[in-house]
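Chain and residue survey
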Amino acid sequence: MPSSFISEPSVSLPNLPPNCFTSAVTFPLSPSNAASDTVKPILSSFSFNLGGKFPKSLVRFAPWAIAFPCLIPSLILTVFNFSPLGLKNKTRETSLYAQDKISYSDKLKLQLGFRATDYNLHNKIYIDPRIGIKYHYNSDLALKLNWGIYHQFLTTANNQDENLRLVELWMGIPADKDASVSQHFISGIEYMSPKNIFYRLELYSKSFDNLLTVKQDNPNTIEEGSSDSTINEFWDTKGNSWGVEFLLKKSSGKLNGWLGYTYAEANYFNEPSGWHHPNFDRTHTINIVANYDLTSEIQTNFGLTMSSGNPYTKIMGRVYDWQQNLDSDTYWYPVDSYIIGEKNTERYDDYFRIDIGMTRKKGNLFGVNYDTYWQIMNQNINKKIIPKHHFL
């Protein structure tokens, strides 16, 4: 699913006694951001997590719980997403996240939540509400609907026409730019068959505003030979995406695995490119993973990946020009430029790959148990799609 936003971290919670709730405090350390007039990319990151169980009888004394008396039994709280190293780079995010699950009946369940974020370069508090509704038609069939608003305070500072790069340059949203924001709508249906096969179909629609694209020469006209561009000047960009996702999953039996298919479309708009597909847009994506138990000790596995090609901007031709050396009246030197087509109207070839493997379990060597794995990756020797070079 295409998306330009960092998703909310998911937390797997243990089964707790009915008189307890769980809170978690996360401290991601990431020298992530920069002031509005500088760019300092992320070099590394790690996180430190604290968690604990607290009796409900103690919750009533917590100041943040006063506003949510009816939500206390299952309140999940994440506070102080704090970046100590980010202080040196003059940016900081402090956020609070809370959600609650409410069961109106055995069939209807509601999940409400919000995230409040303070970004130190902006003099405001960003409030992101989230709502999830799930209706169980029967024990095997369920319908669901989700809506939410998401803000992001990081942006990339890479050339928008680069399809192959070794380093991603990230920086904080400058003080004079609004935070990037996205609104998500997701609807779906889930079904568990009598043969223990899970089916899920989802439709989603997303809108994006206040995205930033690094300024560079107009790609729809003759482009100078130099690819230099500044990384602290941006085009204001908006966009949208929509798609359909299908998942089939079998988790038990000698043959198990899953199949996933996605049809997606993403669009960006900025100057001077107008509406166009971003570089990450892929129309079709298929993933298949299968495991088969030959014996109680030997398992074979199979993986298949296939996807449509990513978009790129076609080079139509090359133009030669001559410029005079200012130090000489007789010396001229050639300068070549490229004629560029419409932004991202061409596609690379489709990608297709097969992996196969085998696992031998319950091995024993001198009393030490071990498993042995064999795997052949890309056994069909499919070539990776990399940017094409045109010599005209």
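A brief report on the enclosed structure follows. Bear in mind the structure is a predicted one, so any value in this text is a computation, not a measurement. (Residues numbered from 1 in each chain as written. Predicted model: local features only at pLDDT ≥ 70, side-chain atom pairs only at ≥ 80, totals over all residues. Heavy atoms only, no water.)

Brief notes about the overall build of the chain
- The number of helices and strands found in the chain is one helix and 23 strands.
- For the chain, with 392 residues in total, the buried portion stands at 34%.
- Taking all contacts inside the chain whose residues are at least 6 apart in sequence as the whole, residues at least 24 apart take part in 59%.
- Total accessible area computed for the chain in this model is approximately 23800 Å², and 58% of it derives from carbon and sulfur atoms. (Helix = DSSP H or I, 4+ residues; strand = E, 2+ residues; numbered from the N terminus. Buried < 20%, exposed > 50% of the residue type's maximum accessible area, 1.4 Å probe, protein only. Contact = heavy atoms within 4.5 Å. Areas by Shrake-Rupley, 256 points an atom, 1.4 Å probe, with all protein chains shown as cover.)

Remarks on a nonpolar patch on the surface
- Residues Y104, L108, L112, I131, I133, Y135, Y137, L143, L145, I189, L201 and L203 make up a contiguous nonpolar surface patch of about 1000 Å² in total accessible area.
- Every element with two or more residues in the nonpolar patch is listed here: β5 (108–119), β6 (125–136), β7 (141–152) and β11 (197–214).
- If you tally residues by element for the nonpolar patch, the top one is β6, at three residues.
- Tracing the chain through its elements places I131 in strand β6. (Patch = residues over 30% accessible without salt bridge, like charges linked within 9 Å, V, L, I, M, F, W, Y side chains within 5 Å. Salt bridge = Lys/Arg side-chain N within 4 Å of Asp/Glu carboxyl O.)

What to know about the environment of D281
- Counting through the fold element by element, D281 comes out in the loop between β15 (274–276) and β16 (284–293).
- Since its relative accessible area comes to 1%, D281 is described here as buried.

Some remarks on the environment of M316
- Positionally, M316 belongs in strand β19 (residues 315–324).
- According to the relative accessible area criterion, M316 is exposed, its value standing at 53%.
- A C-alpha to C-alpha distance of 5.3 Å links M316 and I339, two positions 23 residues apart in sequence.

Looking at the side chain of K177
- Along the chain, the position of K177 falls in the loop between β9 (170–172) and β10 (180–192).
- Setting aside chain neighbours within four positions, we find K177 in contact with H122, L212, F234 and D236.

Some remarks on the nonpolar core
- Core analysis: the biggest nonpolar cluster contains ten residues, these being Y119, Y126, F153, A157, M171, I173, A179, L212, V214 and F234.
- Excluding anything up to four places from it in sequence, Y126 contacts R115, A116, T117, Y119, H151, F153 and A179. (Core = buried A, V, L, I, M, F, W, Y, C linked by side-chain atoms within 4.5 Å.)

Observations regarding the pairing of strand β23 (residues 368–376)
- Bridge count between strand β22 (residues 351–365) and β23: eight bridges; the pairing is antiparallel. Paired with N364 across the two strands is N369, which belongs to β23.
- Turn length for the β22-β23 hairpin, with the two strands adjacent in sequence and antiparallel, is two residues, and the turn residue F366 shows positive phi of about 55°. (Pairing = 2+ DSSP bridges.)

Describing the pattern of salt bridges
- Following the criterion strictly, the structure yields eight salt bridges and no others.
- D355 is the salt-bridge partner of R353, the closest N and O atoms lying 3.0 Å from each other.
- On the accessibility criterion, D355 (15% relative accessible area) is buried.
- Through salt bridges with shared partners, one network takes in K134, K144, E190, R200 and E202.

Some thoughts on the packing of aromatic side chains
- Per the stated rule, a full pass over the model turns up seven aromatic pairs.
- A ring pair is formed by W242 and Y263, whose centres lie 5.5 Å apart and whose planes are at 55°; its orientation type is tilted. With W242 in strand β13 (residues 234–250) and Y263 in strand β14 (residues 255–270), the pair connects residues that are 21 residues apart, well separated along the chain.
- According to the relative accessible area criterion, W242 is partly exposed, its value standing at 37%.
- Taking relative accessible area as the criterion, Y263 reaches 26% and is therefore assigned partly exposed.
- With centroids separated by 5.3 Å and ring planes inclined at 50°, the aromatic side chains of F269 and W275 adopt a geometry described as tilted.
- What makes F269 partly exposed here is its relative accessible area of 30%.
- Over the face of the ring belonging to Y204 we find K206, whose NZ or CZ atom lies 5.4 Å from the ring centre. (Phe/Tyr/Trp six-rings, centres within 6.5 Å; stacked < 30°, edge-to-face > 60°. Lys NZ or Arg CZ within 6 Å of the ring centre and 35° of its normal.)

Description of unusual backbone geometry
- Phi angles above zero are rare outside glycine, and N344 is one such case at about 50°.
- Looking at where N344 falls in the secondary structure, it is placed in the loop between β20 (332–340) and β21 (346–347).
- Judged by its relative accessible area of 3%, N344 falls in the buried class.
- Even without a glycine there, the phi angle at F366 is positive, about 55°.
- Within the secondary structure, F366 sits in the loop between β22 and β23.

Structural notes on the side chain of N270
- Its place among the elements puts N270 in strand β14.
- A residue is classified by how much of its surface remains accessible, and N270, at 2% relative accessible area, is buried.
- One polar contact links N270 to T213, side chain to side chain, over a distance of 3.3 Å. (Polar contact = N/O pair within 3.5 Å; in protein donor to acceptor, adjacent residues only side chain to side chain.)

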